[in-house]
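Listed below are the residues making up each chain.
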Amino acid sequence: MNPMLNLSPQDWFDLFIHFGLLSLLGIGGAITTAPEMHRYLVDEKQWLTEASFSSSIALAQSAPGPNVLFVALMGWNVGLNAGGGLSAGPHAWSLGFLGIFATMAGIMLPSSILTYKATQWAHTNRNLLSVRAFKTGMAPIVIGLLVSTGWLLSAAHRDLQQDWKLWLVTAAATILMLKTNIHLLWMVAAGGVLGAAGLL
Amino acid sequence: MSEEATDLRQPQSKTELFIVFTLLALQGVGGVLVVVQRELVERRKWLTHAQFVEEWSVAQVMPGPNVVNLCLMLGGKYFGLPGALAAVAGLICGPLVLVLGLAILFGGVSDSPVAQGALKGMGAVSAGLIIASGLKLSTTLPQNPMGLWLAIAFAALSFVAVGVLRIPLTWVLPCLGIVACLLAYRSLKLVAESAIKGKDKDPA
């Protein structure tokens, strides 16, 4: 299932460069470039299987932390595949870490440098009319986007007859977050317990 | 906005930044943004809602992982580049260790019906939390210099375009964004001009 890959230093460098390019293309988040990652890692290079690609995304989405960690898991899996799998020992593990480093440095460095420089510029020029217009003009749009992100997540359950309990949970979470000060982790945990018990 | 802004606090050290962002990240199941809004704006009061929306606008428009951009900007605001690095390191390091551990231990378990059910339930909750975050931030719309109705119109348009019509963000952001920024520019300019005129008249 996991044929031993052989990655040359050039391959590792290509991996880094490719994710570096995606970093600059990913407006709206790294996840928007996932289809291109799939094309590169699974179809073109065959460094990852279909299954480990999608489980990298699923695991990172469900674990705490920023979603961009799915990129780290992809790098980890590429490294493990190159080293002969998790059971192959420290050699494979160190390649796994190399994979994390290549993909994470790639996806974070270019965009972070750009963002940091842009923010500094915007801060020194914060009284310019154009800078203020940009921030105030974009504000309502990103608020709309945030609501639509939540909406899209809940609309993954299409069928109201079958999924009404999930909609109910989403509605309850919305109201509790708006009206109470309950800790977010309690709410997420409650959802997880209800789901694990097969009630949803 | 101004009365809110007076009792703002701020982090005391880069270590505090690192720890706070680690804690934020570890609570962020299904999206760190909601936790950042709740903890930094509502609990710790480092930012007002309006300031948070401004920072988030920039983080969202710049390429790359949004929440990383946001933490970078917030860290940089207090302590420059070292602060930015401390905040991003806090955001990434703890969760990375955790997610790797999960990948090693439970790589195969995630297909079980119990785990799938739990994920479904947590997903439904986090959808609600994100919607609520957006609604809370919409309380800043009346302060928008474009005026309340235009601001509501743009928020609604972007919701419909992305959430209902599912038009890719790469189209929605520039198309709506340019129009909104031009209108905001016009309103800000009118305000500035009338302020100047007002000053000119005063001494006379």
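Residues numbered from 1 in each chain as written. Chains lettered and ligands numbered in written order. Predicted model: local features only at pLDDT ≥ 70, side-chain atom pairs only at ≥ 80, totals over all residues.

### Quick notes on the nonpolar core
Item 1. Core analysis: the largest hydrophobic core is formed by 117 residues, its most contacted members being A:Val71, A:Leu73, B:Cys71 and B:Ala87.
Item 2. No other element matches helix H5 (residues 66–106) of chain B, which puts 16 residues into this core.
Item 3. Ignoring anything within four residues of it in the chain, the contact list for B:Ala87 reads B:Leu17, B:Phe21, B:Cys71, B:Leu72, B:Leu74 and B:Gly75. (Core = buried A, V, L, I, M, F, W, Y, C linked by C-beta atoms within 7 Å. Buried ≥ 20, exposed ≤ 12 C-beta atoms within 10 Å, placed from the backbone. Helix = DSSP H or I, 4+ residues; strand = E, 2+ residues; numbered from the N terminus. Contact = placed C-beta atoms within 7 Å.)

### What about unusual backbone geometry?
Item 1. Even without being glycine, A:Gln46 reaches a positive phi, approximately 55 degrees.
Item 2. Residue classification places A:Gln46 among the exposed residues on the basis of 11 C-beta atoms within 10 Å.
Item 3. Look at B:Arg166: it is not a glycine, yet its phi comes out positive at around 60 degrees.
Item 4. Looking at the element boundaries, B:Arg166 is found in the loop between helix H7 (148–164) and helix H8 (169–201).
Item 5. According to the C-beta neighbour criterion, B:Arg166 is exposed, with 10 such atoms within 10 Å.

### Some points on the interface of chain A and chain B
Item 1. Listed per partner, the contact involves 80 residues of chain A and 89 residues of chain B.
Item 2. Contributions of two or more residues to the side of chain A that touches chain B are made by helix H1 (9–25), helix H3 (50–62), helix H4 (69–83), helix H5 (90–124), helix H6 (129–154), helix H7 (160–179) and helix H8 (184–196) of chain A.
Item 3. Here the side of chain A that touches chain B takes 25 residues from H6(A), the largest share from any one element.
Item 4. Considered class by class, the residues forming the side of chain A that touches chain B number 51 nonpolar, 27 polar and two charged. (Nonpolar A, V, L, I, M, F, W, Y, C, P; charged D, E, K, R; others polar.)

### Some thoughts on the environment of B:Gln12
Item 1. Along the polypeptide, B:Gln12 turns up in the loop between helix H1 (2–6) and helix H2 (14–27).
Item 2. In this structure the C-alpha to C-alpha distance between B:Gln12 and B:Val36, which are 24 residues apart in sequence, comes to 18 Å.

### Thoughts on the packing of H2(B) against helix H3 (residues 32–43) of chain B
Relative orientation and spacing of two packed helices are given, respectively, by the angle between their axes and the distance between those axes.
All names here are of chain B.
Item 1. As a packed pair, H2 and H3 sit with axes 8 Å apart at the nearest point and diverge in direction by 130 degrees. Put simply, H2 runs oblique to H3. As for the relative orientation of H2 and H3, their crossing is right-handed in sense. On H3, the residues touching Leu24, Ala25 and Gln27 of H2 are Val32, Val35, Val36 and Glu39. (Axes fitted to C-alpha atoms, helices over the stretch in contact; angles between N-to-C directions. Parallel < 35°, antiparallel > 145°, perpendicular 65-115°, else oblique. Left-handed = near helix turned anticlockwise from the far one by under 90°.)

### Structural notes on the domain arrangement of chain B
Item 1. In terms of domain boundaries, chain B breaks down into domain 1 (2–139) and domain 2 (144–204).
Item 2. One C-alpha centre belongs to domain 1 of chain B, the other to domain 2 of chain B, and the line joining them spans 27 Å. (Domains from an automatic or database assignment.)

### A word on the confidence of the model for chain B
Item 1. For chain B, per-residue confidence averages 87 on the pLDDT scale, and 91% of positions sit at 70 or higher.
Item 2. Scored as a whole, the predicted complex attains pTM 0.83, and scored at its interfaces, ipTM 0.83. (pLDDT = per-residue confidence, 0-100.)

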